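Summary of the model geometry
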Amino acid sequence: MSIEDGGTSHQRGGVPASVRAQLLATEHWGLLASRSTAQGEVLTRISMFLTFTSASIVSVALVGQATGFSDAFVLLAVVVLFIDTAIGLLTQLRVMNVAHEDLMYVTAMNRLRAAYVDLDPGVAPYLMAAHHDDEAGSVQTYYFFGNRGSFSHVAGSSMIFMTTANAALIAIVAGLLVTLAGAGTAGGLIVGALCGVAFLAVSAARGYRSYRDVWRRFTPLSPTPPAGD
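Another aspect to go through is the overall build of the protein. Counting its secondary structure elements, the protein contains 5 helices and 2 strands. For the protein, the sequential pattern of α-helices and β-strands runs β-β-α-α-α-α-α. Against the 2.2 N^0.38 benchmark of 17 Å for 229 residues, the protein shows a C-alpha radius of gyration of 25 Å, more extended than a compact globule. Taken along its principal axes, the extent of the C-alpha atoms in the protein is 80 × 35 × 25 Å. Looking at the protein as a whole, 31% of its 229 residues qualify as buried. Within the protein, contacts between residues at least 6 apart in sequence are counted, and of these 73% link residues at least 24 apart. About 13,600 Å² of surface is accessible on the protein, with carbon and sulfur atoms providing 69% of the total. Of the side chains in the protein, 13 bear a positive and 15 a negative charge, and the two mean positions are spaced by 3 Å.

Looking now at helix α5 (residues 158-217). Spanning 60 residues, α5 covers only 25 Å between terminal C-alpha atoms, well under the ideal 88 Å at 1.5 Å per step. The largest bend in α5 amounts to roughly 145° and is located at Ala 183.

Here we take up the packing of helix α1 (residues 17-67) against helix α2 (residues 71-119). The contact between α1 and α2 brings their axes to 9 Å, and the two run at 165°. Taken together, the axes of α1 and α2 lie roughly antiparallel to each other. As α1 runs across α2, the sense of the crossing is left-handed. Along the lines of polarity and charge, the residues of the contact of α1 with α2 split into 31 nonpolar, 9 polar and 10 charged.

All right, on to the pattern of salt bridges then. Considering all chains together, one arrives at 7 salt bridges under this definition. Its salt-bridge partner being Asp 213, residue Arg 216 comes within 2.1 Å of it at the nearest N-O pair. Residue Arg 216 and its partner Asp 213 are both found in helix α5; the two are separated by 3 residues, about one turn of the helix. According to the relative accessible area criterion, Arg 216 is exposed, its value standing at 59%. For Asp 213, a relative accessible area of 24% corresponds to the partly exposed category.

Our focus in this paragraph is the layout of surface pockets. Its boundaries defined by the atoms lining it, the largest pocket holds a volume of some 1,000 Å³. Lining the largest pocket are 32 residues, and of these His 153, Val 154, Ser 157, Met 159 and Tyr 211 lie nearest its centre. Mapped by element, the contributors of at least two residues to the lining of the largest pocket are α1, α2, α3 (135-142), α4 (150-155) and α5. Considering each element in turn, the lining of the largest pocket owes the most residues, 9 residues, to α5. A class-by-class count of the residues in the lining of the largest pocket yields 17 nonpolar, 11 polar and 4 charged.

Conventions we followed
- In every chain, residue numbers begin from 1 and rise along the written sequence.
- Residue-level local features of this predicted model are given only where pLDDT is at least 70; pairs of side-chain atoms are given and counted only at 80 or more, and the full residue set underlies all totals for whole chains, interfaces and linings.
- Hydrogens and water molecules were not included; the side-chain quantities draw on all heavy atoms of the structure.
- Helix and strand assignments follow DSSP, with helices taken as H or I runs no shorter than four residues and strands as E runs no shorter than two, numbered in order from the N terminus.
- As defined in this context, the radius of gyration uses C-alpha atoms, and a globule is described by 2.2 Å times the residue total to the power 0.38.
- Burial classes: relative accessible area under 20% of the type maximum marks a residue as buried, over 50% as exposed, and values in between as partly exposed (1.4 Å probe, protein chains only).
- Contacts are assigned to residue pairs that have any heavy atoms within 4.5 Å of one another.
- All accessible-area figures derive from a Shrake-Rupley calculation using a 1.4 Å probe, and residue coverage is judged against the displayed protein chains alone.
- Within this scheme the basic residues Lys and Arg register as positive and the acidic residues Asp and Glu register as negative, but His and the chain ends are omitted.
- By convention, charge coordinates are those of NZ in Lys, CZ in Arg, CG in Asp, or CD in Glu.
- One less than the residue count of a helix, multiplied by 1.5 Å, gives the span that helix is expected to have.
- A residue's bend is the angle separating two fitted axes: one through the seven residues that end there, the other through the seven that start there.
- For helices, the fitted axis covers only the stretch in contact; all axes are lines through C-alpha atoms, and the angles between them, taken along N-to-C directions, range from 0 to 180 degrees.
- For classification purposes, angles smaller than 35 degrees are called roughly parallel, those larger than 145 roughly antiparallel, those between 65 and 115 roughly perpendicular, and all remaining angles oblique.
- The handedness criterion is simple: a crossing whose near helix is rotated anticlockwise from the far helix by less than a right angle is left-handed, and one whose near helix is rotated clockwise is right-handed.
- Basically, the charged four are Asp, Glu, Lys and Arg, the nonpolar ten are Ala, Val, Leu, Ile, Met, Phe, Trp, Tyr, Cys and Pro, and anything else, Gly included, counts as polar.
- Here, a salt bridge means any Lys or Arg side-chain nitrogen found within 4 Å of an Asp or Glu carboxyl oxygen.
- A cavity, in this analysis, means grid points on a 1 Å lattice covering only the protein atoms where a 1.4 Å probe fits yet has no way out; a pocket is instead an open set bounded by protein on both sides within 12 Å along at least five of seven lines, and a residue lines either one if it has an atom within 4 Å of a point.
- Grid points are joined across faces, edges and corners, and a volume is the space filled by probe spheres set on the points.

In structure tokens form, the structure reads like this:
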């Protein structure tokens, strides 16, 4: 529905179109600032996780050399790996939340562009980002040229990066525990690999399900017209 319904091309409810455009632009800039802040924060969180994990592994290696890889070293290694894994899972949770927030900001800005087009339909051909606040509109805004597949977009995301890093940590912890339990190196490798792959698969499935749930619950105001319209 056009935001001009019930009014003239210049005013609605006595508010000049120029004032409405300023209000929309102010909201647009606020969304841009919030999106930038969220992206910067999550990249910092990922960097902190990588730095902490790298430093802790180096520290464990130094302790191992100093203690001759004694039983105390093994206990320390297990504790440190558990801490690294816990921090990794918390970071992954934040990355997932920011991914949803980013989609939220993109969809909100698409809706504002629809309002711009309602104010002046002549600007529509000059907008490379979408002015439709549905799933198809979000895909267009994320990549204007439209020739990049969903797999490339997802596989290259920070969420998959963090999930893969956590899968590796979980595989190491699981393999180490199984080896310490007496299953041998081969058993530890097999169990570790299975745990890592299972975590990666479950995380990817949950991420996809949460993405689908967003669009299942969301009702767009300016959906993308059917092809050919």
